[in-house]
Amino acid sequence: MTESLEGVALVTGGGSGIARETALLLGAAGARVAVADIDPDAAQRTVEAIAAADGNAAMFEIDVADADAVQRMVSIVESDLGPVDYLVNLAGSFDTAPLAEISDDLWTKTLSVHLNGTFYTCRAILPGMAERGRGAVVNTSSIFALRGQAEAAHYAAAKGAVIGFSKSIAREVAPSGVRVNVVAPGPVDTPFFARGMSGDALDQVRRERARIIPLGRIGRADEIAPVILFLLGRGAAHMTGQVIPVEGGEMMR
Ligand SMILES: NC(=O)c1ccc[n+]([C@@H]2O[C@H](COP(=O)([O-])OP(=O)(O)OC[C@H]3O[C@@H](n4cnc5c(N)ncnc54)[C@H](O)[C@@H]3O)[C@@H](O)[C@H]2O)c1
């Protein structure tokens, strides 16, 4: 069965990587997609790609770490496209640093984007979903939150908090039928993973990370997007509050 999604989907970070692939897939599944990103040119390219495939999308420039801006954006999305039925939080970036070098700024910035950003969109959208008795959310964690990662304590802390937050709101809105799940990718070949590296240096990092992955390679963005589509759709109608690792078996025990 090909999953079809009717209604409006808001995808943060939609200009690149996993979120871009997700926005394309949701557009192809029939959703009207609000592509939200701090980089308006990248988001616009995703919108054009969705339109080129006969989908329906619009671009919204947003810094998800800005609470007021998120609230304003959600109002505009809802008046332009309609109430949001599907929310996917993928926006984010981070810089690695050993513990002693995690500055207050880096700590705050990382939590602001990954945790606060997720909180702001959920706070703006979930009460409406619950009132309408319809909607699904996918938030994004990381296997770094599940197993820890050297030089990423700030990022793992933010992604771990996303899990506790998501399970809590999942319980809160469950009586209305609204579902909240979390995807926890392993390494995925995107600009986020590459962090400015290219060529042989990037290949070397890919190989190093692949060594501990049973499936023998890092993931691709188009291998995470279908899991998100599944979690949003009817096939996952009896799933909420779950954390789904997509990591080539790295976390298998
Ligand atoms: N790629 C990986 O290895 C990996 C692994 C685990 C989890 N994740 C998570 O998946 C999500 C997507 O990562 P990706 O690899 O697709 O990254 P990416 O760099 O390809 O895309 C991230 C997008 O988010 C946007 N963005 C960054 N900060 C923003 C902000 N403050 N407001 C709005 N937009 C912002 C960027 O402009 C970019 O378009 C992130 O939450 C990341 O933490 C990624």
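Keep in mind that this is a model prediction, so the values were computed, not measured.

## Re the layout of surface pockets
Next up, step 1: Empty space within the largest pocket amounts to approximately 1100 Å³.
Next up, step 2: Lining the largest pocket are 47 residues; nearest its centre among them are Gly 92, Ser 93, Phe 94, Phe 192 and Phe 193.
Next up, step 3: At the level of elements, α1 (17-28), β2 (32-37), α4 (104-132), α5 (143-147), α6 (153-173), α7 (191-194) and α8 (199-210) are the ones that each hand at least two residues to the lining of the largest pocket.
Next up, step 4: The class makeup of the residues in the lining of the largest pocket is 24 nonpolar, 14 polar and 9 charged.
Next up, step 5: Of the pockets and cavities examined, the second largest pocket occupies roughly 260 Å³.
Next up, step 6: The residue makeup of the lining of the second largest pocket, split by class, is 5 nonpolar, 5 polar and 6 charged.

## Notes on empty space enclosed by the protein
Next up, step 1: Within this structure, the stated rule accounts for 2 cavities of 30 Å³ or more.
Next up, step 2: The volume enclosed by the largest cavity comes to roughly 70 Å³.
Next up, step 3: Every residue along the wall of the largest cavity is listed here: Thr 12, Val 64, Asn 89, Leu 90, Ala 91, Val 113, His 114, Gly 117, Thr 118, Thr 140 and Lys 159.
Next up, step 4: Per-element tally for the lining of the largest cavity: the top contributor is α4, with 4 residues.
Next up, step 5: Looking at the lining of the largest cavity residue by residue, the class counts come to 4 nonpolar, 6 polar and 1 charged.
Next up, step 6: As a volume, the second largest cavity reaches approximately 40 Å³.
Next up, step 7: Together, Ser 93, Phe 94, Asp 95, Leu 106, Lys 109, Thr 110 and Val 113 line the second largest cavity.
Next up, step 8: Classifying every residue of the lining of the second largest cavity by side-chain character gives 3 nonpolar, 2 polar and 2 charged.

## Points about the pattern of salt bridges
Side chains carrying opposite charge are able to pair once their charged atoms draw close together.
Next up, step 1: Taken as a whole and assessed by the stated rule, the structure comprises 8 salt bridges.
Next up, step 2: Residues Glu 250 and Arg 147 are paired through a salt bridge, measuring 2.3 Å at the closest nitrogen-oxygen approach. Of this pair, Glu 250 sits in the segment after β7 (243-246) while Arg 147 is found in helix α5, placing the two residues 103 residues apart along the sequence.
Next up, step 3: With a relative accessible area of 11%, Glu 250 lands in the buried category.
Next up, step 4: Taking relative accessible area as the criterion, Arg 147 reaches 33% and is therefore assigned partly exposed.
Next up, step 5: Residues Glu 223 and Arg 217 are paired through a salt bridge, measuring 2.6 Å at the closest nitrogen-oxygen approach.
Next up, step 6: Taking relative accessible area as the criterion, Glu 223 reaches 25% and is therefore assigned partly exposed.
Next up, step 7: A relative accessible area of 39% places Arg 217 in the partly exposed class.
Next up, step 8: Shared partners join several salt bridges into a network, and the residues in it are Arg 217, Arg 220, Asp 222 and Glu 223.

## Brief notes about the site of the ligand
Next up, step 1: In the region of the ligand, 27 residues are neighbours, and Ser 16, Ile 18, Asp 37, Tyr 155 and Thr 190 sit closest.
Next up, step 2: Between Lys 159 and the ligand, the recorded distance is 2.9 Å, taken from a side-chain N or O atom to an oxygen atom.
Next up, step 3: Contact with the protein chains covers 92% of the free accessible surface of the ligand, which is 840 Å².
Next up, step 4: One can see that the ligand is located within the largest pocket.
Next up, step 5: Among the secondary structure elements, those contributing two or more residues to the shell around the ligand are α1, α4, α6 and α7.
Next up, step 6: Taken together, the residues of the shell around the ligand sort by class into 13 nonpolar, 11 polar and 3 charged.

## Some thoughts on the packing of α1 against helix α9 (residues 221-232)
Next up, step 1: Across the interface, α1 lies against α9 with an axial gap of 8 Å and an inter-helix angle of 50 degrees. Considered as vectors, α1 and α9 are oriented oblique to each other. Crossing angle aside, the handedness with which α1 passes α9 is right-handed. For the pair formed by α1 and α9, the contact residues are Gly 17, Ile 18, Glu 21, Thr 22, Leu 25 and Leu 26 on the first element and Ala 221, Asp 222, Ile 224, Ala 225, Pro 226, Ile 228, Leu 229 and Leu 232 on the second.
Next up, step 2: Across the contact of α1 with α9, the residue classes break down as 10 nonpolar, 2 polar and 2 charged.

## A few points about the packing of aromatic side chains
Next up, step 1: Counted under the stated rule, the structure contains 6 aromatic pairs.
Next up, step 2: Centroid distance Phe 119 to Tyr 120: 5.4 Å. Interplanar angle 45 degrees. Geometry classified as tilted.
Next up, step 3: Taking the relative accessible area as the measure of exposure, Phe 119 reaches 30% and is therefore partly exposed.
Next up, step 4: Following the ring pairs from residue to residue traces out a cluster consisting of Phe 94, Phe 144, Tyr 155 and Phe 192.
Next up, step 5: Its guanidinium or amino end placed over the ring of Phe 192, Arg 195 lies 5.5 Å from that ring's centre, counting from NZ or CZ.

Conventions used here
Throughout this document, residue positions are counted from 1 along each chain, in the order its sequence is written. With pLDDT at 70 or above as the cut-off, local features in this predicted model cover only qualifying residues; side-chain atom pairs require 80 or more to be listed or tallied, and sums for whole chains, interfaces and linings still use all residues. The basis for every side-chain value is the complete set of non-hydrogen atoms in the structure, without hydrogens or water. Cavities and pockets are found on a 1 Å grid laid over the protein atoms alone: a cavity is a set of points where a 1.4 Å probe fits but cannot escape, a pocket is an open set with protein on both sides within 12 Å along at least five of seven lines, and a lining residue has an atom within 4 Å of such a point. Grid points are joined across faces, edges and corners, and a volume is the space filled by probe spheres set on the points. Secondary structure elements follow DSSP: runs of H or I no shorter than four residues count as helices, runs of E no shorter than two count as strands, and numbering proceeds from the N terminus. Any residue that is not Ala, Val, Leu, Ile, Met, Phe, Trp, Tyr, Cys, Pro, Asp, Glu, Lys or Arg is counted as polar, Gly included; the first ten are nonpolar and the last four charged. Salt bridges are identified by distance alone: a Lys or Arg side-chain nitrogen within 4 Å of an Asp or Glu carboxyl oxygen. Here's how the labels work: a residue is buried when its accessible area is under 20% of the maximum for its type, exposed when over 50%, partly exposed in between, all with a 1.4 Å probe on protein chains only. The near set for a molecule or strand comprises every residue that places at least one heavy atom within 4 Å of it. N or O atoms closer than or at 3.5 Å make up a polar contact, with two conditions inside protein: a donor-capable atom paired with an acceptor-capable one, and, for residues adjacent in sequence, both atoms drawn from side chains. Computed with the Shrake-Rupley method and a 1.4 Å probe, the accessible areas treat only the protein chains shown as cover for residues. Grid points define the cavity or pocket, and a molecule sits in it when more than half of its atoms lie within 2 Å of them. Axis definition: a line fitted to C-alpha atoms, limited for helices to the stretch in contact. Angles are taken between N-to-C directions and run from 0 to 180 degrees. Roughly parallel covers angles under 35 degrees, roughly antiparallel covers those over 145, roughly perpendicular covers 65 to 115, and oblique covers all other angles. Here is the rule for handedness: rotate from the far helix to the near one, and if that takes an anticlockwise turn smaller than a right angle the crossing is left-handed, while a clockwise turn gives right-handed. Note on contacts: a residue pair qualifies if any of its non-hydrogen atoms lie within 4.5 Å across the two residues. Here a Phe, Tyr or Trp ring, Trp counted by its six-membered ring, pairs with any other such ring whose centre lies within 6.5 Å, and the pair is stacked when the planes are under 30 degrees apart, edge-to-face when over 60, and tilted otherwise. Either the NZ atom of lysine or the CZ atom of arginine qualifies as a charge over a ring when it sits within 6 Å of the ring centre and within 35 degrees of the ring normal.

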